[in-house]
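Residue-level structure breakdown
Given next are the chains, with one letter for each unit.
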Amino acid sequence: MKCLAVIPARSGSKGFPHKNIAPLHGKPLMFYTIDVALSSGCFAEVMVSTDSRQYADIAQQCGASVPFLRSETTSSDSADSWDVVREVLTNYDQLGMTFDYVALLQPTTPLRNVEDIRGVFRMLARPEVENVVTVTQTSHPVQWCFRMPSDGSMAEAASSPDFYKRRQELETYYTLNGAVYLVRADRIRDPSYNFYADHCHCFVMPPERSIDIDHESDLSIAEVSLRQK
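Remember, it's a predicted structure, so these values are computed and weren't measured experimentally.

The next point concerns the layout of surface pockets. Roughly 370 Å³ of internal volume is contained in the largest pocket. Residue lining of the largest pocket: 18 residues in total, with P8, R10, R70, S81 and Q106 positioned closest to the centre. Taken together, the residues of the lining of the largest pocket sort by class into five nonpolar, seven polar and six charged. Roughly 180 Å³ of internal volume is contained in the second largest pocket. Lining the second largest pocket are 14 residues; nearest its centre among them are T136, T175, L176, N177 and S210. Listed by contribution, the elements that provide at least two residues to the lining of the second largest pocket are β6 (131-137) and β7 (174-184). Ranked by the residues each element gives to the lining of the second largest pocket, the list is headed by β7, at four residues. Grouping the constituent residues of the lining of the second largest pocket by class yields two nonpolar, 11 polar and one charged.

Quick look at the structure:
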């Protein structure tokens, strides 16, 4: 099985400018995703999809391939990650390179490890599994969440019996963590394909490896985790 790793690293982050190359423990953020992908031994090609020549140079210094830059269309705010993946696969076709599977690895989840990636691939041995996505347990029970009206009332929470239960009494919920999305390349080429609908299964990662860098303050949390390692 020949698999491509796609690491999306657009330069136009508005909430946290240049997030994908922000320094973390002495390395640019994208380094950690590139390094673990290469170290896993699961990929025939590890590439960074970016619209920036600066980012491309950094990615190549970290060991990734950047055979082409993103188009203006997939660099826009309206393009989603699967649009990027489809463009990458098409561009590789033109280079004469094809893949059986493609993995989307978000650089903003830098603490995934080799065993997380290998664990995702091991799930493909199960006949009912076609796609795999990494998840983690929610930090707080979703049953404790409520909608607040304009007057600031907690009426919705007060009327929910689950709001008064202990965490141990509540059902566990999970959320996507952005670490790994693994899919058959021939399936995801179709824009109408629903990655999550059929034959998509979850690989559970612990919260300490699921830190998502969305704000600058998140880097401090990841920094502490890396120092502890």
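Our next topic: the sheet that holds β6. In spatial order, the strands read β4-β1-β5-β7-β6-β8; together these six strands make up an open sheet with mixed pairing. Among the strands making up the open sheet, the edge pair consists of β4 (45-49) and β8 (200-204). For this sheet, the mean inter-axis angle between neighbouring strands, taken without regard to orientation, is 25°. Pairing analysis gives five bridges linking β6 to β7, with the strands arranged antiparallel. When the sheet's bridge partners are listed, T136 is paired in β7 with T175.

This part is about the nonpolar core. Core analysis: the largest hydrophobic core is formed by 47 residues, its most contacted members being F43 and L182. At the level of secondary structure, the elements contributing two or more residues to this core comprise β1 (3-8), α1 (29-40), β4, α2 (53-61), β5 (101-104), α4 (114-122), β7 and α7 (216-228). Sort the elements by how many residues they give to this core and α1 lands first, with seven residues. Excluding residues that lie within four positions of it along the chain, L182 makes contacts with C3, Y101, V102, A103, V120, F121, L124, E130, N131, V132 and F195. Membership of the second largest hydrophobic core comes to 21 residues, among which are V6, W82, V102 and Y181.

Within α2, burial applies to Y55, A56, I58 and A59. End-on, the buried residues of α2 take up no more than an arc of 165°, which puts them together on one face. In this structure, the buried side of α2 is in contact with β3 (27-28), α1 and β4. The N-capping residue of α2, defined by a side-chain oxygen 3.2 Å from the backbone nitrogen of Q54, is S52. Among the residues trailing α2, G63 stands out with phi positive, at a value near 110°.

About the thresholds
Residues numbered from 1 in each chain as written. Predicted model: local features only at pLDDT ≥ 70, side-chain atom pairs only at ≥ 80, totals over all residues. Heavy atoms only, no water. 1 Å grid on protein atoms, 1.4 Å probe; cavity = no way out; pocket = protein on both sides within 12 Å on 5 of 7 lines; lining within 4 Å. Points joined across faces, edges and corners; volume = space filled by probe spheres on them. Nonpolar A, V, L, I, M, F, W, Y, C, P; charged D, E, K, R; others polar. Helix = DSSP H or I, 4+ residues; strand = E, 2+ residues; numbered from the N terminus. Pairing = 2+ DSSP bridges. Axes fitted to C-alpha atoms, helices over the stretch in contact; angles between N-to-C directions. Core = buried A, V, L, I, M, F, W, Y, C linked by side-chain atoms within 4.5 Å. Buried < 20%, exposed > 50% of the residue type's maximum accessible area, 1.4 Å probe, protein only. Contact = heavy atoms within 4.5 Å. Arc of directions from axis to C-beta. Polar contact = N/O pair within 3.5 Å; in protein donor to acceptor, adjacent residues only side chain to side chain.

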